[in-house]
Amino acid sequence: MADAPNLSRELGVSHAAAIVVGTIIGSGIFLVPSEMMQAVGSARLVYLAWIVGGALSLAGAITYAELGAMKPQAGGEYVYIRDAYGALPAFLYGWTWFAVAKPASVATLVTGLIRILGTFPALSGLNRTAIVAPVAISYGQLVAIAAAILVTALNYIGIRRAGNFQLAFTLLKIVIIVAVALLAFSAPSGTWANFATTFGGAMRGVAGFMAALVAALWAYDGWNDLNMVSGEIRDPARAIPIALIAGVGVVAALYMLTNAAVQYVLPASQIAASLRPMSDAAAAAGHFGAALVSAGMALSILVTLNGTIMSGARVPFAMARDGHFFRALAEVHPRFHTPSAALIVQLLLSIALLLFAGSFRQLFSLAIFAEWLFYMIAASTVFALRRTQPASPRPFRAWGYPVVPALFVAAAAVLLYYTFTENLRNSAWGLVVIAAGLPVYWVFAKRRRRDMG
């Protein structure tokens with residue numbers, strides 16, 4: 001096995017930062033201002049939710065910066081949980097990502113992409129049925145599958161190519177977001193007085209603020225994906241901390257700008273009632289603004305899709321390398337040096353969800369609880385590893401330790417409690433998904449003992 005091909009470190013700090021920024025910013029920023037306004041009812045509290053969400057995400061990024069610089073290996077969180085708490089919890093993490101979270105993320109993203117493309121008059125026929133039997137498939141689903149295949153193919157033929165795509169289109173995404181915001185600020189109907197307006201039908205109170213904070217944290221979600229590809233980053237001790245901390249900072253600044261643009265054009269009641277507040281705000285400056293928002297949303301989803309596919313395949317790859325999953329998933333392409341088999345299996349699972357699981361959004365929502373559970377567990381490993389591996393090199397030490405990591409872990413615990421009590425059914429199903437990995441783990445553990453014995 002000494003001559004077996006390995007993943008290659010071809011991503012620079014700019015690629016790493018683009019993975020952070022490009023994966024975080026999907027379509028959420030264009031949509032969640034209305035959900036947040038419905039929850040808290042005023043611009044001041046919406047901004048407070050954005051600030052708190054950004055601060056908590058930054059605390060998580062700082063924590064992950066220490067872990068990623070210390071253990072720059074494929075799989076990220078899987079590696080930290082494995083080294084801190086053992087093989088079983090690490091497997092259950094990887095199982096959840098492999099079986100539900102990442103394939104459902106891909107299916108959700110490509111479906112969202114098609115919905116946005118369908119808003120363009122020339123593509124209004126995407127909802128028409130293309131194939132009747134044996135399964136009814138629309139033209140939109142075919143395009144969605146094609147998008148997943150093309151982005152997976154890009155990742156298959158080399159991490160450098162996928163990284164260059166991520167960098168170029170993340171920069172373009174930033175330009176479009178700034179342009180949309182500036183366009184909204186130029187709307188003749190805009191006024192700073194809108195910042196003082198309120199929405200009377202808001203949920204309000206602690207429950208309302210927590211709902212707004214949850215929306216903000218979901219909009220910030222995705223920064224952890226960088227650590228999954230840390231085995232392919234050059235000079236990871238330097239690149240990972242810079243990319244994580246600067247990337248979350250850039251996203252926070254863009255979110256503040258975008259929210260300000262929406263608030264400048266629309267009063268609180270209109271924001272709360274709007275299905276697409278950013279589109280409505282930009283449309284106030286002319287029809288070109290609404291089209292630019294749609295183009296920006298489509299581009300954002302495409303870049304997020306690339307980052308999701310890139311990061312997701314590294315988790316089952318790492319599990320297989322440890323002997324805890326199918327050996328084929330540990331294959332590295334001899335020419336392209338990518339986890340080729342893991343990428344293909346991830347694609348097939350995503351297509352299956354897209355075609356046959358009509359309720360895949362429910363599958364994705366039930367995984368939300370499990371995702372945040374593992375965020376909390378992975379972040380907590382910084383304490384366990386400092387205790388059990390005190391002499392291990394730490395090129396970057398988390399700022400404000402132990403307060404900053406503890407703040408993120410505590411916030412994740414509060415969010416988990418809130419999510420569990422507010423959405424008991426899906427949260428419970430999330431635990432079922434995790435538990436379903438137990439018999440799978442035992443099968444592979446038994447095989448591994450047999451092979452080693």
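### A closer look at the confidence of the model for the protein
Taken as a whole, the protein shows an average pLDDT of 89; of its residues, 96% reach a score of 70 or greater. Mean pLDDT values over the elements of the protein span from 77, in helix α18 (residues 424-435), up to 97, in helix α4 (residues 77-85).

### A closer look at the packing of aromatic side chains
In total, this model carries 27 aromatic pairs according to the counting rule given. Residues tryptophan 372 and tyrosine 375 carry aromatic rings whose centres are separated by 4.9 Å and whose planes lie at 80 degrees to one another, so their mutual orientation is edge-to-face. Of this pair, tryptophan 372 and tyrosine 375 both sit in helix α16 (residues 360-388), three residues apart, which is roughly one turn of the helix. The residues tryptophan 372 and tyrosine 375 share a single accessibility class, namely buried.

### Some points on the packing of helix α3 (residues 43-70) against helix α8 (residues 205-220)
Contact geometry for α3 and α8: axes closest at 8 Å, N-to-C directions at 50 degrees. In terms of orientation, α3 and α8 fall into the oblique class. The chirality of how α3 crosses α8 is right-handed. Of the residues in α8, those in contact with Leu45, Leu48, Ala49, Trp50, Val52, Gly53, Gly54, Leu56 and Ser57 of α3 are Phe209, Ala212, Leu213, Ala216, Leu217, Ala219 and Tyr220. Across the contact of α3 with α8, the residue classes break down as 13 nonpolar, three polar and no charged.

### Some remarks on the side chain of glutamate 77
Tracing the chain through its elements places glutamate 77 in helix α4. Although glutamate 77 lies buried, it forms no salt bridge, and the closest oppositely charged side chain, lysine 102, sits 7.6 Å away as judged by the N-O distance. Among the polar contacts listed, one links the side chain of glutamate 77 to the side chain of tyrosine 64, at a separation of 2.6 Å. Sequence-distant contacts of glutamate 77, defined by excluding residues within four places in its chain, comprise Tyr64, Tyr93, Trp97, Asn224, Met228, Tyr375 and Ala378.

### Some details on helix α7 (residues 159-185)
Helix length check: α7 (27 residues) gives 39 Å between terminal C-alpha atoms against 39 Å at 1.5 Å per residue, within 8%. Taken as a whole, α7 has its buried residues at Ile159, Ala162, Gly163, Phe165, Gln166, Thr170, Lys173, Ile176, Ile177, Val180, Ala181 and Ala184.

### Here's the deal with the packing of α7 against helix α13 (residues 287-312)
Close contact between α7 and α13 brings their axes to 9 Å; oriented N to C, the two are set at 155 degrees. Considered as vectors, α7 and α13 are oriented roughly antiparallel to each other. Two packed elements cross with a definite hand, and for α7 against α13 that hand is left-handed. Of the residues that constitute the contact of α7 with α13, the class distribution is 16 nonpolar, nine polar and one charged.

Basis of the calculations
- Residues numbered from 1 in each chain as written.
- Predicted model: local features only at pLDDT ≥ 70, side-chain atom pairs only at ≥ 80, totals over all residues.
- Heavy atoms only, no water.
- pLDDT = per-residue confidence, 0-100.
- Helix = DSSP H or I, 4+ residues; strand = E, 2+ residues; numbered from the N terminus.
- Phe/Tyr/Trp six-rings, centres within 6.5 Å; stacked < 30°, edge-to-face > 60°.
- Buried < 20%, exposed > 50% of the residue type's maximum accessible area, 1.4 Å probe, protein only.
- Axes fitted to C-alpha atoms, helices over the stretch in contact; angles between N-to-C directions.
- Parallel < 35°, antiparallel > 145°, perpendicular 65-115°, else oblique.
- Left-handed = near helix turned anticlockwise from the far one by under 90°.
- Contact = heavy atoms within 4.5 Å.
- Nonpolar A, V, L, I, M, F, W, Y, C, P; charged D, E, K, R; others polar.
- Lys, Arg positive; Asp, Glu negative; His and termini not counted.
- Salt bridge = Lys/Arg side-chain N within 4 Å of Asp/Glu carboxyl O.
- Polar contact = N/O pair within 3.5 Å; in protein donor to acceptor, adjacent residues only side chain to side chain.
- Expected span 1.5 Å × (residues − 1).

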